Each structure stands twice: as structure tokens, then as C-alpha cells.
Amino acid sequence: MENKDLEKLKYPIGKYDIPEEITDAHIAGWIENMESLPERLRKLVENLSEEQLETPYRPGGWTVRQTVHHMADSHHNSYNRFKWALTEDKPIIKPYDEKAWSDLFDAKSAPIELSLHHLSAVHAKLVYLLKGLSRYHLQRIFIHPEGNVQSPLDENIGRYAWHGNHHYGHIQNLIKKSFDREVNSQQ
């Protein structure tokens, strides 16, 4: 597989690009996107077979099952980061090893329904919180210890809207590719 093809599989919607100026329209769009993600994801994966859930979205990548569980785990961690930034002064967040989490037995075997429910609950709480924040609150930051990077909350809203769509794109592309293969093999 060529690097260009692998890059497209890794980043189906491109890499996260922080706007130079984050506007109210950006924030509203990102929040709306986050609000709709759990239902969009549920509809995307609800009819997948166990075999399809065990299919990696790219060579060396996570399976659909692992990806769904990762989305719930990651967005749960993001929710905590928002809370810390709102209640503490420039907190240094605790990173987690997403690869190690995705290698745990639950990420490899648990029904995806568990993470779909979890993602719905986390997003409902997060969206409710975000809709109530002022521009002042959105400028609060947390610090990621890898590189000592300061992350304002408005940026993080965009990052997690992108993150959800990024993994949604992984699954969507795999389904399209598999469907095309099935159709072509029937002709």
C-alpha cells in the first residue's frame, strides 16, 4: 500500500486544523456536530455483523469494535478535561495510553452497545455543559504534559468534534469499501 493511500486511511477527513480565529459559528457548529455524533454512529454500526466488527479499518489499525470503544473512552477523558479546566487553574491533565486501552480485553470483546450508550450519555452531558459556557469560560485552558501544550477549551471543542468525525470516517470508509467489494463480487 502506498504512503498516500495509507495516509488517506489514517486521516479520512484530514488532520485537525485549528482555525486562526475561532468564531461563535465554529463553536456552535462543533457543538451541534458533537450532539449528533452518538446517533449518527449508532446508525452507521447498528447492522454490522460480528465479523464486520472485527475488521480493522486499515492495515495495522483498530477493528470497528475497538474504534467504537476508543471513541467512548476518549470522549469520556475529554469530558473530564473540560471539567478540570473549568474548576482548576491551568490543570495538567493526565494523559492515557489509548493504544493500551484499545488492547484491553473489553475493547476487543465487549458489545459495542455498551460504548454507544456511554458515548450518548457523555455527549449529552458535555453538550449541555458546552452550551452554557461563556466566551470567558471557553478561553480557560488545560495543559497536556506531552510537550507542555496549553489547550484552550474552545480549541478542544473543535478537536473533539474532529476526533468523532475522524473515527466515524474510518468506519464509514470501511463499510463503503466492504460494500463495494460485496457488490462487485456478486456481479
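Preceding this section is the structure that the text describes.
Summarised in this report is the structure supplied together with it. Position labels on residues start from 1 in each chain and follow its written sequence. In keeping with the model being predicted, local features are shown solely for residues with a pLDDT of at least 70 and side-chain atom pairs are shown and tallied solely at 80 or more, while totals for entire chains, interfaces and linings include all residues. Based on all heavy atoms of the structure, the side-chain values leave hydrogens and waters out of the count.

Overview of the packing of helix H2 (residues 24–45) against helix H7 (residues 112–131)
Reasoning step 1: Helix axes are fitted only over the stretch in contact, all axes being lines through C-alpha atoms; the angle between N-to-C directions runs from 0 to 180 degrees. Under the scheme used here, helices are H or I runs from DSSP no shorter than 4 residues and strands are E runs no shorter than 2 residues, and both carry numbers assigned from the N terminus. At a minimum axis separation of 8 Å, H2 and H7 run at an interaxial angle of 165°. Taken together, the axes of H2 and H7 lie roughly antiparallel to each other. In terms of crossing hand, the pair formed by H2 and H7 is left-handed. Contacts between H2 and H7 involve Ile31, Met34, Glu35, Leu37, Pro38, Leu41, Arg42 and Val45 from the former and Ile112, Glu113, Leu116, His117, Leu119, Ser120, His123, Leu126, Val127, Leu130 and Lys131 from the latter. Orientation labels follow simple angle bins: below 35 degrees gives roughly parallel, above 145 gives roughly antiparallel, 65 to 115 gives roughly perpendicular, and whatever is left gives oblique. By definition, any crossing whose near helix is turned counterclockwise from its far helix by less than a right angle is left-handed, and any crossing with a clockwise turn is right-handed. When checking whether two residues touch, look at their non-hydrogen atoms; a contact exists if any pair is within 4.5 Å.

Digging into the pattern of salt bridges
Reasoning step 1: Salt bridge criterion: a side-chain nitrogen from Lys or Arg within 4 Å of a carboxyl oxygen from Asp or Glu. Counted by the stated rule, this structure contains 9 salt bridges.
Reasoning step 2: Two residues, Asp24 and Arg135, come together in a salt bridge whose shortest N-O distance is 3.1 Å. Of this pair, Asp24 sits in helix H2 while Arg135 sits in helix H8 (residues 135–138); the two residues are 111 residues apart in sequence, bridging distant segments of the chain.
Reasoning step 3: Of the residues examined, Arg135 reaches a relative accessible area of 33% and is grouped as partly exposed.
Reasoning step 4: For Arg65, the salt bridge identified is with Glu50, shortest N-O distance 2.5 Å. With Arg65 in helix H4 (residues 64–87) and Glu50 in helix H3 (residues 50–53), this pair connects stretches of sequence that are 15 residues apart.
Reasoning step 5: Taking relative accessible area as the criterion, Arg65 reaches 2% and is therefore assigned buried.
Reasoning step 6: Note on classification: 1.4 Å probe, protein chains only; a residue is buried when its accessible area is under 20% of the maximum for its type, exposed when over 50%, partly exposed between these limits. Its relative accessible area of 54% is what places Glu50 among the exposed residues.
Reasoning step 7: Salt bridges sharing partners connect three or more residues here, namely Asp24, Arg135 and Asp154.

Shape descriptors only; they carry no functional weight alone.
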